[in-house]
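Spelled out, the chains give:
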Amino acid sequence: MEKIYTPQEVADRLLIKKATVYELIKRGELNATKIGRQIRVSQEQLDSYLKVSSKPAERSYGERPNMEEALPQVTDIPRFASVSGAQQTDYLLNISGLVISSQESRVVELLRGQLSKERSSLPILHSYMNDYNSLYSLYYEKTHLALTCFLSDRENWDRNPMKHLMPGKEVVVLSVCNFLCGFYVKKGNPLHILTLEDLTRPEVRFLNRELGSGLRMYLDSSLLEKKIPKNAINGYDKDCLSNMSAAHGVASGAADISIGDISLLSSYPQLESIPFAHGFLDLVFLKSDLDLPALKSILNAVHSEEFKSSLLHFKGYDTKTTGKMTIISG
């Protein structure tokens, strides 16, 4: 019988992280089979991947990789849930843990670390969703908290536009931090990209962000305001799911420009940024849950000096408003 591997077994065999295996499957480089909720890779599928990946790329000197080619390996996003539906339901019904939906994995890990220091700490399940779907999930009470990142052209954003995504709900918006978002370009900005209008130049290849992410929503509305047609931008229909994926795309030469959190570029010395907008990272939850012990633990964690200090490790993060609460009625 042909050997069948779990994603972790594939990761062990290839000496890579399990999240990288999910990334390979998502990009279509590694074929896999979904059996119920589980992902499995056959020996034939693994051999096929190894055979293809071992072939040297055939490209003439100086030729830029095109947008259809696979982006480099990215390890920050698990593509499939690692917990059972029954476990998530237990968390929701019995409050034996917290379900938090977000695209921002770094801050979720910081929260986990802070909560783990409490005697009565509760585990956190991270459901990876974009900002729109995170609020949608909170609206239907499928999650306890949504960690969202929305953009504004102002340094101080009143969060009121968020109420249109939560009609009929009274929610608490807890500020986590503010930071700058911008375009990622190669060091020296060789194509001299400075404005949104520059994205329409035919030689510029853009790597977009996922529909439903705060970055994408802001970019779409900015283009609409400036009456710039999306179909005039080369690569606007090509998107990625994270800041790291966006930075990888530009660093590898698969794209000339993308957009994301500027703090990430401390890991990419070959890139620089063009500031574009102010980002606001918030924890959103139902006001009716404000008195729950689990939510009080979250509030204590966010207000702690240790948590604020940990955020400052990310270059450009501003914690002046960290812990500030705004109540919004949809």
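Please refer to the structure placed before this passage.
Structure report, in brief. (Residues numbered from 1 in each chain as written. Predicted model: local features only at pLDDT ≥ 70, side-chain atom pairs only at ≥ 80, totals over all residues. Heavy atoms only, no water.)

On to the sheet that holds strand β3 (residues 38-42), then. If you walk across this open sheet you meet the three strands as β1-β3-β2, and the pairing is antiparallel. One side of each edge strand has no neighbouring strand; the edge strands of this open sheet are β1 (4-5) and β2 (33-35). Pairing geometry for β1 and β3, over two bridges, is antiparallel. When the sheet's bridge partners are listed, Ile4 is paired in β3 with Ser42. (Pairing = 2+ DSSP bridges. Helix = DSSP H or I, 4+ residues; strand = E, 2+ residues; numbered from the N terminus.)

Moving on, we come to the pattern of salt bridges. Tallied over the full model, the rule gives 12 salt bridges. Asp220 is paired through a salt bridge with Arg216; the nearest N and O atoms lie 3.4 Å apart. Here the residue Asp220 and the residue Arg216 both occupy positions in helix α7 (residues 214-225), the gap between them amounting to four residues, near one helical turn. Taking relative accessible area as the criterion, Asp220 reaches 15% and is therefore assigned buried. (Salt bridge = Lys/Arg side-chain N within 4 Å of Asp/Glu carboxyl O. Buried < 20%, exposed > 50% of the residue type's maximum accessible area, 1.4 Å probe, protein only.)

Among the structural elements, Glu104 can be located in the loop between β4 (98-102) and α5 (105-115). With sequence-adjacent residues up to four places away left out, Glu104 is seen in contact with His126, Leu147, Asn243, Leu281 and Tyr317. (Contact = heavy atoms within 4.5 Å.)

A few words on the packing of helix α1 (residues 7-14) against helix α2 (residues 18-27). Close contact between α1 and α2 brings their axes to 8 Å; oriented N to C, the two are set at 105°. The angle between the axes of α1 and α2 places the two elements in the roughly perpendicular class. Counting all contacts with α1, which are made through Pro7, Gln8, Val10 and Ala11, the residues of α2 involved are Lys18, Val21 and Tyr22. Tallied by class, residues from the contact of α1 with α2 come to five nonpolar, one polar and one charged. (Axes fitted to C-alpha atoms, helices over the stretch in contact; angles between N-to-C directions. Parallel < 35°, antiparallel > 145°, perpendicular 65-115°, else oblique. Nonpolar A, V, L, I, M, F, W, Y, C, P; charged D, E, K, R; others polar.)

Spatial relationships are all this shows, so hold off on functional conclusions.
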